[in-house]
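Tertiary structure, described
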Amino acid sequence: MLIKTLLECKRCGYVWQPRSKVIYICPNCKSKYWNEEKTELECFVCGHRWRQKSLQLPKYCPNCHCANWNVPEAIELVKATRELEEFLRTGSWEEKSM
Ligand SMILES: [Zn+2]
Ligand SMILES: [Zn+2]
(Lines give C-alpha, C1' and ligand atoms only; values in the text may rest on other atoms or scores of the structure.)
(Ligands and ions follow the chains in the order given, each with its own letter.)
Protein backbone atom coordinates (compact mmCIF):
# COMPACT_ATOMS: atom_id res chain seq x y z
CA MET A 1 0.00 0.00 0.00
CA LEU A 2 1.30 3.41 -0.93
CA ILE A 3 1.44 6.20 1.52
CA LYS A 4 -0.04 9.19 -0.24
CA THR A 5 0.78 11.79 2.33
CA LEU A 6 3.52 14.14 1.38
CA LEU A 7 5.99 15.10 4.02
CA GLU A 8 7.69 18.41 4.34
CA CYS A 9 11.00 19.04 5.99
CA LYS A 10 10.66 21.87 8.46
CA ARG A 11 14.35 22.57 8.21
CA CYS A 12 14.90 22.95 4.47
CA GLY A 13 11.33 22.95 3.12
CA TYR A 14 11.89 19.89 0.95
CA VAL A 15 8.67 17.99 0.14
CA TRP A 16 8.78 14.31 -0.58
CA GLN A 17 6.66 11.21 -0.69
CA PRO A 18 7.77 8.76 1.97
CA ARG A 19 8.30 5.15 1.03
CA SER A 20 8.20 3.91 4.56
CA LYS A 21 6.13 4.83 7.53
CA VAL A 22 9.01 5.72 9.76
CA ILE A 23 11.11 8.60 8.54
CA TYR A 24 14.42 9.09 10.25
CA ILE A 25 16.05 11.78 8.20
CA CYS A 26 15.11 14.29 5.52
CA PRO A 27 16.26 12.91 2.16
CA ASN A 28 17.39 16.36 1.11
CA CYS A 29 19.24 17.94 4.02
CA LYS A 30 19.65 14.68 5.97
CA SER A 31 18.46 16.36 9.12
CA LYS A 32 17.22 14.13 11.89
CA TYR A 33 15.10 17.00 13.09
CA TRP A 34 13.23 17.51 9.84
CA ASN A 35 9.90 17.27 11.69
CA GLU A 36 10.77 19.76 14.37
CA GLU A 37 10.27 23.47 14.14
CA LYS A 38 13.35 25.57 13.92
CA THR A 39 13.48 27.26 17.24
CA GLU A 40 15.85 29.85 18.41
CA LEU A 41 16.23 30.29 22.11
CA GLU A 42 17.35 33.39 23.84
CA CYS A 43 18.83 33.70 27.28
CA PHE A 44 17.09 36.40 29.26
CA VAL A 45 20.12 36.81 31.46
CA CYS A 46 22.92 37.38 28.97
CA GLY A 47 21.01 37.75 25.70
CA HIS A 48 22.79 34.82 24.07
CA ARG A 49 20.86 33.19 21.22
CA TRP A 50 21.23 29.62 20.08
CA ARG A 51 19.50 26.98 18.06
CA GLN A 52 17.51 24.43 19.98
CA LYS A 53 18.66 20.93 19.17
CA SER A 54 16.21 18.82 21.12
CA LEU A 55 12.59 19.13 22.08
CA GLN A 56 13.54 19.50 25.70
CA LEU A 57 14.55 22.90 26.88
CA PRO A 58 18.11 23.10 28.12
CA LYS A 59 18.63 23.49 31.83
CA TYR A 60 21.37 26.03 31.47
CA CYS A 61 22.26 28.73 29.02
CA PRO A 62 25.26 27.48 26.99
CA ASN A 63 26.87 30.89 27.26
CA CYS A 64 26.47 32.08 30.85
CA HIS A 65 25.40 28.71 32.33
CA CYS A 66 22.60 30.41 34.16
CA ALA A 67 19.73 28.13 35.08
CA ASN A 68 17.26 30.99 34.97
CA TRP A 69 17.93 31.74 31.32
CA ASN A 70 14.26 31.35 30.40
CA VAL A 71 12.83 33.25 33.33
CA PRO A 72 12.27 36.91 32.45
CA GLU A 73 12.29 37.89 36.13
CA ALA A 74 15.83 36.57 36.35
CA ILE A 75 17.14 39.65 34.57
CA GLU A 76 15.90 41.88 37.33
CA LEU A 77 17.19 39.42 39.89
CA VAL A 78 20.63 39.35 38.31
CA LYS A 79 20.71 43.14 38.12
CA ALA A 80 19.64 43.43 41.75
CA THR A 81 22.27 40.90 42.79
CA ARG A 82 24.96 42.77 40.91
CA GLU A 83 23.93 46.04 42.46
CA LEU A 84 23.92 44.45 45.88
CA GLU A 85 27.37 42.97 45.29
CA GLU A 86 28.57 46.37 44.15
CA PHE A 87 27.09 47.91 47.27
CA LEU A 88 28.75 45.36 49.54
CA ARG A 89 32.06 45.84 47.76
CA THR A 90 32.20 49.59 47.58
CA GLY A 91 29.81 50.53 50.35
CA SER A 92 27.84 52.82 48.10
CA TRP A 93 25.25 52.42 45.42
CA GLU A 94 26.66 52.90 41.99
CA GLU A 95 25.86 56.30 40.54
CA LYS A 96 23.98 55.89 37.34
CA SER A 97 24.97 58.49 34.82
CA MET A 98 22.88 58.52 31.73
ZN1 LIG B 1 15.46 18.87 4.88
ZN1 LIG C 1 23.00 33.26 29.20
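Worth saying up front: this structure is predicted, and the values here are computed from it rather than measured. Every chain is numbered on its own, with residues counted from 1 as its sequence reads. All chains are assigned letters beginning with A, and all ligands numbers beginning with 1, in the order in which they are written. Side-chain atom pairs in this predicted model are given and counted only at pLDDT of 80 or more, local residue features only at pLDDT of at least 70, and totals for whole chains, interfaces and linings cover all residues.

**Points about the overall build of the protein**
In terms of regular secondary structure, the protein is built from one helix and four strands. Element order for the protein, N to C, with α for helix and β for strand: β-β-β-β-α. Buried, partly exposed and exposed are defined by the number of other C-beta atoms within 10 Å of a residue's own C-beta, namely 20 or more, between the two limits, and 12 or fewer respectively, with C-beta atoms placed from the backbone. The proportion of buried residues among the 98 residues of the protein is 7%. Counting only contacts in the protein whose residues sit at least 6 apart along the sequence, the fraction spanning at least 24 positions is 21%. In this text, helices come from DSSP runs of H or I with a minimum length of four residues, and strands from runs of E with a minimum of two, each type numbered from the N-terminal end. Contact definition: two residues whose C-beta atoms, as placed from backbone geometry, lie within 7 Å.

**Details of unusual backbone geometry**
The backbone of Lys-30 shows a phi angle near 60°, a positive value even though the residue is not glycine. Summarising the element assignment, Lys-30 is placed in the loop between strand E2 (15–16) and strand E3 (40–42). Positive phi values are uncommon outside glycine, yet His-65 reaches one of about 55°. Note that His-65 resides in the loop between strand E4 (49–51) and helix H1 (73–90). The class of His-65 is exposed, set by 12 C-beta atoms lying within 10 Å.

**Observations concerning the environment of Pro-18**
Tracing the sequence through the fold places Pro-18 in the loop between E2 and E3. Overall, the presence of 14 C-beta atoms within 10 Å leaves Pro-18 in the partly exposed class. On a C-alpha basis, the gap between Pro-18 and Thr-5 in space is 7.6 Å, while along the polypeptide they are 13 residues apart.

**Some thoughts on the environment of Trp-69**
Turning to its location among the elements, Trp-69 is positioned in the loop between E4 and H1. C-beta crowding within 10 Å serves as the criterion here: with 23 such atoms nearby, Trp-69 is assigned to the buried category. Sequence spacing of Trp-69 and Glu-42 is 27 residues, and the spatial spacing of their C-alpha atoms is 7.7 Å. Apart from the residues lying within four places of it in its own chain, the contact partners of Trp-69 are Cys-43, Phe-44, Val-45, Tyr-60 and Cys-61.

**A word on the confidence of the model for the protein**
Taken as a whole, the protein shows an average pLDDT of 81; of its residues, 87% reach a score of 70 or greater. Note: pLDDT gives the predictor's confidence per residue, expressed from 0 to 100. Mean pLDDT values over the elements of the protein span from 79, in H1, up to 92, in E2.

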